[in-house]
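Chains, contacts and geometry: an overview
Here is what each chain is made of, one letter per residue.
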Amino acid sequence: MAYVRNNLNEIVAELPGVQAAVRKQAYLLEFRIRTLIRPHSRTGFLLSSVGVERANDKDYWVYIGARYAAPVNFGFKHNRTEERIQGLHFIKGAIYG
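Because the structure is predicted, anything quoted here is derived from the model rather than measured.

**Examining unusual backbone geometry**
- Although it is not a glycine, glutamate 82 adopts a positive phi angle of roughly 60°.
- With respect to the helices and strands, the residue glutamate 82 is situated in the loop between strand S3 (75–77) and strand S4 (84–86).
- At histidine 89, a residue that is not glycine, the phi angle is positive and equals roughly 55°.
- Here histidine 89 lies in the loop between S4 and helix H5 (90–96).
- When its relative accessible area of 30% is taken as the criterion, histidine 89 is described as partly exposed.

Here it is in structure tokens:
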């Protein structure tokens, strides 16, 4: 019978090749999000708010710093006309293709 160590995830996450792969995926996701936002960015603020940050010694965050990123992604209701504005769904598009 095989034995699997309780901390196997931590051991694997500390391997140099794994850390490099995680970093690469974070920057690749950032690139895909920027690519999907670029045609819709008028001022460039939303585009420039996308970035990658080291979360801890094993992980990275891909973030979108603009406050209005969620409404642009998921859609929203116009304040005056109450019309439903369709979202761009760039986050889901970047992650799932």
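Now that the structure has been shown, the text picks up again.
**A closer look at the nonpolar core**
- Counting residues in hydrophobic clusters, the biggest one holds 11 residues: Leu29, Ile33, Ile37, Leu46, Leu47, Val50, Ala66, Ala69, Val72, Phe90 and Ala94.
- No other element matches helix H2 (residues 16–37), which puts 3 residues into this core.
- Among all residues touching leucine 46, those that are not within four sequence positions of it are Ile37, Ile64, Ala66, Tyr68, Ala69 and Val72.

**Description of the pattern of salt bridges**
- Considering all chains together, one arrives at 4 salt bridges under this definition.
- For the salt bridge of aspartate 57 with lysine 58, the shortest nitrogen-to-oxygen distance reads 3.5 Å.
- A salt bridge links glutamate 82 to lysine 77; the nearest nitrogen and oxygen atoms lie 3.9 Å apart. The same class applies to glutamate 82 as to lysine 77, namely exposed.
- Bridged by salt links that share partners, the residues Glu14, Asp57 and Lys58 form one connected network.

Cut-offs used in this document
- Residue numbers restart at each chain and count upward from 1, following the sequence in its written direction.
- Selection of residues for local features in this predicted model requires a pLDDT of at least 70, selection of side-chain atom pairs for listing and counting requires 80 or more, and totals for whole chains, interfaces and linings are taken over all residues.
- Only hydrogens and water are removed before side-chain values are computed, so all heavy atoms of the structure are retained for them.
- Secondary structure follows DSSP: runs of H or I at least 4 residues long count as helices, runs of E at least 2 residues long count as strands, and numbering of each begins at the N terminus.
- Relative accessibility decides the category of a residue: with a 1.4 Å probe and only protein chains considered, values under 20% of the type maximum give buried, values over 50% give exposed, and everything between is partly exposed.
- By nonpolar core is meant a set of buried Ala, Val, Leu, Ile, Met, Phe, Trp, Tyr and Cys residues that side-chain atoms within 4.5 Å join together.
- Here a residue-residue contact requires only that any non-hydrogen atoms of the pair lie within 4.5 Å.
- Any carboxyl oxygen of Asp or Glu that lies within 4 Å of a side-chain nitrogen of Lys or Arg is treated as forming a salt bridge with it.

Bear in mind that shape data such as this cannot, by itself, settle questions of function.
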